[in-house]
Amino acid sequence: MDQHEEQEFAEYFAARREAVRRMAYMMCGDWHRADDLAQTAFISLHRHWRKVRDKGALDAYVRRTLTRAVIDESRRPWRRERAVEVLPDRPVDNPDVDDSVATKQTLLAALQKVPPKQRAVLVLRFLEGLDVAGVAAVMRCSEGNVKSQSARGLAALREVLGDELGDLRSA
């Protein structure tokens, strides 16, 4: 890669790294794994930078690479970790923040119990704001598959949330 291409990549990386990291976190639920997954996506982009003809499609390429990395990681047996119910540290009580943090934690915990492909579809559809065709392009599957995975993922999320779903609707 020549100096100009390196500069282009560095600018893209600086502009998009936090958004990609957040998307990875929403898919995997762990900031350390999110960093690794985002890094995997950017390394792949760097390797293929010269082959990219349409620089406007970089976000789509990174999304697809990240989604594939999350799904591949979930298949590896050493990644089948169990979350614990009791955290070692207790946060300071703050009533203003408690509700929003509890809602976010509840959603993230429930999202982690949804199967990886369904989770990826839910994150791409509802948190990244992609339409069905966009998710299908990222995941390289049919639009019907995206719709069924989305429906199953939402059903699984509702089942996991159970009674807590009513509490989240009011927030």
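Below or above, wherever it landed, is the structure these notes cover.

Following both chains from N to C, one finds helix H5 (residues 116-127) and helix H6 (residues 132-139) inclined at 135°, their axes separated by 10 Å at the closest point. Classified by the interaxial angle, the pair formed by H5 and H6 is oblique. Here H5 and H6 pass one another in a crossing that is right-handed. Residues Lys117, Ala120, Val121, Leu124 and Arg125 of H5 pack against Val132, Val135, Val138 and Met139 of H6.

Not every positive phi belongs to a glycine, and arginine 140 is a case in point at roughly 55°. Tracing the chain through its elements places arginine 140 in the loop between H6 and helix H7 (143-161). Arginine 140 sits in the exposed class, given a relative accessible area of 65%.

Before going further, it helps to examine the packing of helix H1 (residues 3-28) against helix H3 (residues 58-75). Look at H1 against H3: their axes get within 11 Å of each other, and the N-to-C directions meet at 35°. Relative to H3, H1 is oriented so that their crossing is right-handed. Contact residues: Tyr12, Arg16, Val20, Met23, Ala24 and Met27 in H1; Leu58, Asp59, Val62, Arg63, Leu66, Thr67 and Val70 in H3. Looking at the contact of H1 with H3, its residues break down into 9 nonpolar, 1 polar and 3 charged.

Analysis parameters
Residues numbered from 1 in each chain as written. Predicted model: local features only at pLDDT ≥ 70, side-chain atom pairs only at ≥ 80, totals over all residues. Heavy atoms only, no water. Axes fitted to C-alpha atoms, helices over the stretch in contact; angles between N-to-C directions. Helix = DSSP H or I, 4+ residues; strand = E, 2+ residues; numbered from the N terminus. Parallel < 35°, antiparallel > 145°, perpendicular 65-115°, else oblique. Left-handed = near helix turned anticlockwise from the far one by under 90°. Contact = heavy atoms within 4.5 Å. Buried < 20%, exposed > 50% of the residue type's maximum accessible area, 1.4 Å probe, protein only. Nonpolar A, V, L, I, M, F, W, Y, C, P; charged D, E, K, R; others polar.

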